Each structure stands twice: as C-alpha cells, then as structure tokens.
Amino acid sequence: MSKFLSEKFSSLSPYVPGEQPKDMQYVKLNTNESPFPPSQAVINAVKEEAGKLQLYSDPDLTELLKSLAEVYGVDTKNVIATNGSDEVLNFAFMAYTDKAHPAVFPNITYGFYSVFAKLHNSPFIEIPLKEDFSIDYKDYLGLNKTIFIANPNAPTGLTLSLDEIREILRSNPDNVVVIDEAYVDFGGESAVPLIKEYDNLLVTGTFSKSRSLAGARLGFGFASEKIIEDLNTIRFSTNPYNVNRMTLAAGVASLKEDSYNKKNAEKIIATRARVKSELEALGFTVLDSKANFLFAKSPGVSGKSLYLGLKEKGVLVRHFDKEIIGDFLRITIGTDAQMDTFLSVLKELL
Ligand SMILES: *Cc1c(COP(=O)(O)O)cnc(C)c1O
C-alpha cells in the first residue's frame, strides 16, 4: 500500500477470482466458464466491429437494450447493460446500500457481495444458510434492508422458488431486492417477469456463463424504470462507455442466435446429471445444483487435499478454504470429454 491511498480503502481486501495458472494446460473446471466457444455469428460480428474501434461505443446501448428487451419480453426502459454483471451489482451496492440501508445476503454466496459492501462503506449482515445449504426465504421477510440473493445460489447451485421470491419482495416494499441470475439458464426459474409487479426488484444476468462470453464482459439488469434510471445515473457518472463496441456487437449477435446458447445449456444440464450420479456412486454428497457446476463433498478425503491432488494431475476445480464448506469442491461442468478426464483422475486419487 502506498502512503497516498485514501484511508477509506486502507482495509479493503479485494475479491479473489478463481486462479488462471499459466504453468501448464489444465482441464479448467474452476471458474464456471462455458466449455463451448461463442457461435460463428458472434465471432464474425466482433471481427467486423473491430474495424470501427476509432469510434466510441454507443453510450445509450440502443441496439443491445432492444435485443435484450425483445428476448426477455420487457420494455427497453426496464433494461441496463454493463461491463460484466459485476458492474451492475457494483452499481446496485453503490445506489442502494449505506448505513441507513445495510446490505443483507447469505453467509455462503457469491464472494463479491461482501467486497462491494466494504468498497462502498456499507454495513452488511450475512444470514446463515440452513443445514442442508439451502436459503430459508423466511429469514428475509420484513427486513427493511437491501437484499442480495443469487438464484441459483453460488457455490451451492440451490434455488429459491418464484413464490418464495415474491414473498421476499412483498414484505420489503421499501427496499430493493436484487436477484442475481448468473446461472438461471441451467435450470432455474427467472424472476424477470416479476419486475412488472414489484417496483423494488432488480434482476441481474450475465453473458459469461450460458452465453460463452466471459471474456467479453457483458452483464445486464432488469427492473422498474425508476431503478434503471438510478443505475444509469451512476453509469453516466462513472463510465458512459462502459460496454465496448466489440462486446456490444457480440451481445446483439448472441441474442439473435440464442438457440445456440440454449442448446449448449442443455448439453451442460445433461452432463451435470451424469457426473452427479457418478459422484454419488463414489459416495460423494452432491447438492441438487441448477447451475453449470456441482458442489460436492467426498466421504473420506478433505476438500483441500482433493483439490490439490486434482491440480497436480492437471484438473482445476474450485476449493473455498472456509468453514462449513471447506470439504466441498465446486466443479464446473465442462464437455463430456473433460468430465471423463476429471472422473478418471478423481478415481485414481481415491
Ligand atoms: C459469475 C458470476 C457473476 C459475475 O459475472 P460477470 O462475469 O461479471 O458477468 C455474478 N454473480 C454470480 C453469482 C456469479 O457466479
């Protein structure tokens, strides 16, 4: 830390992304990327747009918002697009959390929430999951605080039903409830239609997982017109060109051919079911994930030593050195061939 850093950031500990080691070729099952490349139409659109990079991108995001609104059945006034969904989440923490509106989220969830709360100097409360690792929606009723829930949750993959989310929305009418749907396309049920009924709902999504565009950095949010206005005030106060030209083109092309992404999500879902039953046959406890990963615990070997053993043999998974979940591994679902490698290395280790 330099002597120049503002005191307000002196105790900040940043989010630690999954490792991206360069020392060898790994079977990479640790950051929930898609194992499939973007469609050829997306690649072509990006190539074409590259020739116009001397010009700024469209600060109104017009074409992309139109495509998102069409695909999700909402009005363009109800959509914002951002540099990854991390950015819309950051905007939401900036806009809706402070001493008067503390943030609330589960004690086991996406690690970025607590980092954003600290970044914006907002108090936060972490509500424990139930013993079966699910979220008890009743813990979130009438809180009068700003609520963040990943649905499906990370790293468990477990979901809340739309009825449960409705209850949370209804009982917190004076606070924003953010539903982070990064993984919804792998079997969850989207809350986007509820934005028409609840003016306190913000649903966030990403092109990073089911749409094979993690490296393009494209996220989005759906909410009432007023909430979108707030978020745009922050967007235009930080970086009006937050989504670059090539990424805008990639997003529009990707939505035009969403069947390509849907087919890939179906493949992931089928592979997930197969790997889950193979792990269960090996005695693992495997949560009922509706995401593009499995969260699983070996009956005998510690999470850390399994993680290290797999890594040594060229298979990367995610391990969280944290109480309660320290013996679990989060295993991204890759191609069938990648998962076969994972399973055979795992059997060797066991
Ligand atoms: C991956 C992820 C995100 C962020 O994705 P971006 O790549 O920034 O769009 C947000 N929330 C959860 C729960 C995630 O797992």
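## Overview of unusual backbone geometry
Cis rather than trans, the peptide bond between Asn151 and Pro152 has omega equal to 0 degrees. Mapped onto the secondary structure, Pro152 falls in the loop between strand E5 (146-150) and helix H5 (162-170). Between Ala154 and Pro155 the backbone carries a cis peptide bond, its omega angle lying at 0 degrees. One non-glycine residue with positive phi stands out, namely Asn144, at about 65 degrees. Its place among the elements puts Asn144 in the loop between strand E4 (124-127) and E5. When its relative accessible area of 52% is taken as the criterion, Asn144 is described as exposed. Positive phi, close to 60 degrees, is recorded for Arg217, a residue that is not glycine. Considering the arrangement of structural elements, one finds Arg217 in the loop between strand E7 (201-206) and strand E8 (219-223). Residue Arg217 is classed as partly exposed on the basis of its relative accessible area of 31%.

## Observations concerning the pairing of strand E3 (residues 103-106)
Bridge analysis of E3 against E4 gives 4 bridges, and the strand direction is parallel. Bridge pairing links Pro106 to Ile127 in E4. As paired elements, E3 and E5 share 2 bridges and run parallel to each other. Pairing of Val104 across the sheet is with Ile147, part of E5.

## Notes on the site of the ligand
Close contacts around the ligand come from Gly84, Ser85, Asp86, Leu89, Tyr110, Asp180, Ala182, Tyr183, Thr206, Ser208, Lys209 and Arg217, and that covers them all. A distance of 2.5 Å is found between an oxygen atom of the ligand and a side-chain nitrogen or oxygen belonging to Tyr183. Within the side chain of Ser208, an N or O atom sits 2.6 Å from an oxygen atom of the ligand. When the ligand is considered free in solution it has 390 Å² of accessible area, and contact with the protein chains removes 93% of it. Sorting elements by how many residues they give to the shell around the ligand places helix H3 (residues 85-96) first, with 3 residues. The residue makeup of the shell around the ligand, split by class, is 4 nonpolar, 4 polar and 4 charged.

## Some remarks on the side chain of Glu49
By the element assignment, Glu49 lies in helix H1 (residues 40-50). Residue Glu49 is classed as buried on the basis of its relative accessible area of 14%. Glu49 has contacts with Arg245, Met246 and Ala249, leaving out every residue within four places of it along the chain.

## Here we look at the nonpolar core
A general tendency of soluble globular proteins is for nonpolar side chains to be buried together. Leu64, Leu201 and Phe222 are the most contacted members of the largest nonpolar core, which has 53 residues in total. At 6 residues, helix H7 (residues 245-256) tops the list of elements feeding residues into this core. Those residues in contact with Leu201, other than ones at most four positions away along the chain, are Leu169, Val177, Ile179, Ala191, Leu194, Ile195, Phe222, Ala223, Ser224 and Ile227.

## What about helix H2 (residues 62-72)?
Think of an α-helix as turning once every 3.6 residues; residues three or four places apart then point the same way. All buried positions along H2 are accounted for by Leu64, Leu65, Ser67, Leu68 and Ala69. Tucked into the core, H2 has its buried residues touching strand E2 (79-82), E8 and H7. In the stretch just after H2, Gly73 is the one whose phi turns positive, near 70 degrees.

## Section: the environment of His101
Within the secondary structure, His101 is located in the loop between H3 and E3. A relative accessible area of 33% means that His101 is categorised as partly exposed. Sequence separation of His101 and Thr146 is 45 residues, and the distance between their C-alpha atoms is 6.0 Å. Among all residues touching His101, those that are not within four sequence positions of it are Tyr96, Ser122, Thr146 and Asn175.

Parameters and conventions
Per chain, residues are indexed from 1 in the order of the written sequence. Predicted model: local features are reported for residues with pLDDT of at least 70 only, side-chain atom pairs are reported and counted for 80 or more only, and whole-chain, interface and lining totals are derived from all residues. Only hydrogens and water are removed before side-chain values are computed, so all heavy atoms of the structure are retained for them. We count a stretch as a helix when DSSP gives it H or I for four or more residues in a row; a strand needs E for two or more, and each element gets its number in order from the N terminus. Summary of the burial criterion: residues with accessible area below 20% of their type's maximum are buried, those above 50% are exposed, and those between are partly exposed, where the area comes from a 1.4 Å probe applied to protein chains only. In this description, strands pair whenever DSSP reports at least two bridges between them. The nearness test applies per residue and asks whether one of its heavy atoms lies within 4 Å of the molecule or strand. Think of a polar contact as two N or O atoms within 3.5 Å of one another; within protein, one of them needs to be a possible hydrogen donor and the other a possible acceptor, and neighboring residues in sequence only count if both atoms come from side chains. Residue exposure ignores everything except the shown protein chains as possible cover, and the areas themselves are Shrake-Rupley values with a 1.4 Å probe. Throughout, the ten residues Ala, Val, Leu, Ile, Met, Phe, Trp, Tyr, Cys and Pro are labelled nonpolar, Asp, Glu, Lys and Arg are labelled charged, and all others, Gly among them, are labelled polar. Contacts were defined at the residue level, with two residues in contact if any of their heavy atoms lie within 4.5 Å. Residues belong to one nonpolar core when they are buried, are Ala, Val, Leu, Ile, Met, Phe, Trp, Tyr or Cys, and are joined through side-chain atoms within 4.5 Å.

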